[in-house]
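Structural description and commentary
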Amino acid sequence: MEKNKKQFLSLLLLADEQENMIDRYLDRGTMYVLDDNGVKSECVVTDEGEGILEIKNIATKPGSQRKGYGKKLIEFLADKYHGQYKLLQVGTGESPYTIPFYERCGFVRSHSIKNFFTDHYDHPIYEDGIQLIDMIYLRRNI
Ligand SMILES: CC(C)(COP(=O)(O)OP(=O)(O)OC[C@H]1O[C@@H](n2cnc3c(N)ncnc32)[C@H](O)[C@@H]1OP(=O)(O)O)[C@@H](O)C(=O)NCCC(=O)NCCS
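Attention in this report is confined to the structure presented alongside it. (Residues numbered from 1 in each chain as written. Predicted model: local features only at pLDDT ≥ 70, side-chain atom pairs only at ≥ 80, totals over all residues. Heavy atoms only, no water.)

Some words on the site of the ligand
Residues in close proximity to the ligand total 19 residues, the closest being T60, R66, G68, K71 and R104. In this structure, an oxygen atom belonging to the ligand sits 2.8 Å away from a main-chain N or O atom of R66. Within the contact set of the ligand, an oxygen atom lies 2.7 Å away from a backbone nitrogen or oxygen of G68. A total of 930 Å² of accessible area belongs to the ligand in isolation, and the protein chains cover 79% of it. More than half of the atoms of the ligand fall within 2 Å of the grid points belonging to the largest pocket. The set of elements that each furnish at least two residues to the shell around the ligand consists of α1 (9–15), β3 (52–60), α3 (69–80) and α4 (98–104). Residue contributions to the shell around the ligand peak at five residues, all from α4. Broken down by class, the residue content of the shell around the ligand amounts to nine nonpolar, six polar and four charged. (Near = heavy atom within 4 Å. Polar contact = N/O pair within 3.5 Å; in protein donor to acceptor, adjacent residues only side chain to side chain. Areas by Shrake-Rupley, 256 points an atom, 1.4 Å probe, with all protein chains shown as cover. 1 Å grid on protein atoms, 1.4 Å probe; cavity = no way out; pocket = protein on both sides within 12 Å on 5 of 7 lines; lining within 4 Å. Sits in = over half its atoms within 2 Å of the grid points. Helix = DSSP H or I, 4+ residues; strand = E, 2+ residues; numbered from the N terminus. Nonpolar A, V, L, I, M, F, W, Y, C, P; charged D, E, K, R; others polar.)

Function cannot be read off these values alone, since they describe shape.
Listed below in structure tokens is the structure:
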């Protein structure tokens, strides 16, 4: 568990490119960093009440993606919080990079918040040329 969370700002920004949006959850969040001969991935989780643990931020260093580190972090969370929470939840844009990752990690779509990205970010967010508009939530049991 990491105390000085801002030292990992470059990784946090990979997952969430606007720093004041990160500040909305960083203080109350718990951060984990996966170190395998150097930092590879990080995630930040928050208690959302009613037995729900939410992943607010997860990122793997660009040179280390698609090697299983992100999935390892998800499995770590599921093990660590098993019995303490009912559900692991994550919100993400309609992105061809992130949704397949979460689905491979056992998440299924649950609900969405219309216009989250256009309402809360000060600039349009694009991934692979597609503008992110709604926040899509996915969940899995833990
Ligand atoms: C999304 C992210 C965290 C995934 O981490 P990762 O360490 O690369 O993922 P893993 O190597 O553990 O992948 C786990 C599984 O998801 C699949 N996967 C990962 N990225 C994928 C992609 N872009 N498209 C399709 N499948 C993908 C892997 O193939 C793997 O499948 P498998 O278990 O069948 O082998 C990473 O790509 C990242 O940091 N992206 C930038 C930040 C970001 O967008 N974060 C999410 C914000 S909501």
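That shown, we press on.
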